[in-house]
Amino acid sequence: MNPKIRPSTPDFRWDGVGVHPYKEDQLDAAGSPVFRAITRQTLFSEPALGCELRYFEMAAGGYSTLERHEHSHAVMIFRGHGKCLLGGEVRDVGPHDLITIPAWTWHQFRAEADAPLGFLCMVNAQRDKPQLPNAVELAAMQANPALAEFLAPLPNPPGTP
Ligand code: MN
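1. Quick word on the overall build of the chain
Along the backbone of the chain there are two helices and 11 strands. In the chain, the order of α-helices and β-strands from amino to carboxyl end is β-β-β-β-β-β-β-β-β-β-β-α-α. For 161 residues, the compact-globule estimate of 2.2 N^0.38 gives 15 Å, and the chain sits close to it at 17 Å. The C-alpha extent of the chain, read off along each of the three principal axes, is 60 × 35 × 30 Å. Looking at the chain as a whole, 20% of its 161 residues are labelled buried. Restricting to contacts in the chain with at least 6 residues of sequence separation, those with at least 24 account for 63%.

What follows is the structure, encoded as structure tokens:
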């Protein structure tokens, strides 16, 4: 096989590209898994490029991590439908939509309950580690009506039913 040419295979896979499911054992400030039903495939990661192109896919009802970081993302929706939280807004997204995620902007993708959501994501090869919201930051986002419906509900405070 010529590794410079890697054919696609059915179901949004590629020859020679590993599919990496994320373990759902990291909890957010509200006690929910930080992501759900998501896989990552790194399509391009050559040092000469300086950037990587990854393909992320969430099964129906899945979501990516709500996070922010110094590095930016360039995203193109590839399949399915869902919603994207970007800063203070939530938008419906579908195939071939383009999303620029600037530095230090909270972002999260969620697949619809009945459809997967797959997107291509270009990112610097050298990049900082994402930050997750703390309880105060999460509560502030929950208090924004534009985001409240999108974000998973906060659990009841300790001691309440
Ligand atoms: Mn990110």
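Back to the write-up after that little detour.
2. Quick look at the environment of R6
Mapped onto the elements, R6 comes out in the segment before strand 1 (8–9). On a C-alpha basis, the gap between R6 and D28 in space is 37 Å, while along the polypeptide they are 22 residues apart. If we ignore the near neighbours within four places in the chain, the residues touching R6 are W14, D15, G16 and V17.

3. Some remarks on unusual backbone geometry
In the Ramachandran plot, D11 falls in the positive-phi region, its phi being about 65° despite a non-glycine side chain. Inspection of the secondary structure assignment puts D11 in the loop between strand 1 and strand 2 (13–14). According to the C-beta neighbour criterion, D11 is exposed, with 9 such atoms within 10 Å.

4. Here we look at the pairing of strand 6 (residues 73–80)
Pairing of strand 6 with strand 9 (residues 98–101) involves four bridges; the strand directions are antiparallel. Following the sheet pairing, H73 is matched in strand 9 by I101. Of the pairings in the sheet, the one linking strand 6 to strand 11 (residues 117–124) comprises six bridges and is antiparallel in character. Of the residues in strand 11, the one forming a bridge with G80 is L117.

5. Let's talk about the nonpolar core
With 18 residues, the main nonpolar core has F56, M58, Y63, F109, L117 and F119 as its most contacted residues. Sorting the residues of this core by element identifies strand 5 (51–63), strand 6, strand 7 (82–86), strand 10 (107–111) and strand 11 as the ones contributing at least two each. The element best represented in this core is strand 5, accounting for four residues. For L117, the residues in contact, after removing those within four places along its chain, are M58, G80, H81, G82, F109 and A111.

6. So, the environment of L53
Looking at the secondary structure, you find L53 in strand 5. Under the C-beta neighbour-count criterion, L53 is labelled partly exposed, with 16 such atoms within 10 Å. The sequence separation of L53 and A146 amounts to 93 residues, and the corresponding C-alpha distance is 30 Å. The residues touching L53, leaving out its near neighbours within four places in the chain, are L43, F44, L120 and M122.

Reading the values: the criteria
Residues numbered from 1 in each chain as written. Predicted model: local features only at pLDDT ≥ 70, side-chain atom pairs only at ≥ 80, totals over all residues. Helix = DSSP H or I, 4+ residues; strand = E, 2+ residues; numbered from the N terminus. Rg over C-alpha atoms; globule rule 2.2 N^0.38 Å. Buried ≥ 20, exposed ≤ 12 C-beta atoms within 10 Å, placed from the backbone. Contact = placed C-beta atoms within 7 Å. Pairing = 2+ DSSP bridges. Core = buried A, V, L, I, M, F, W, Y, C linked by C-beta atoms within 7 Å.

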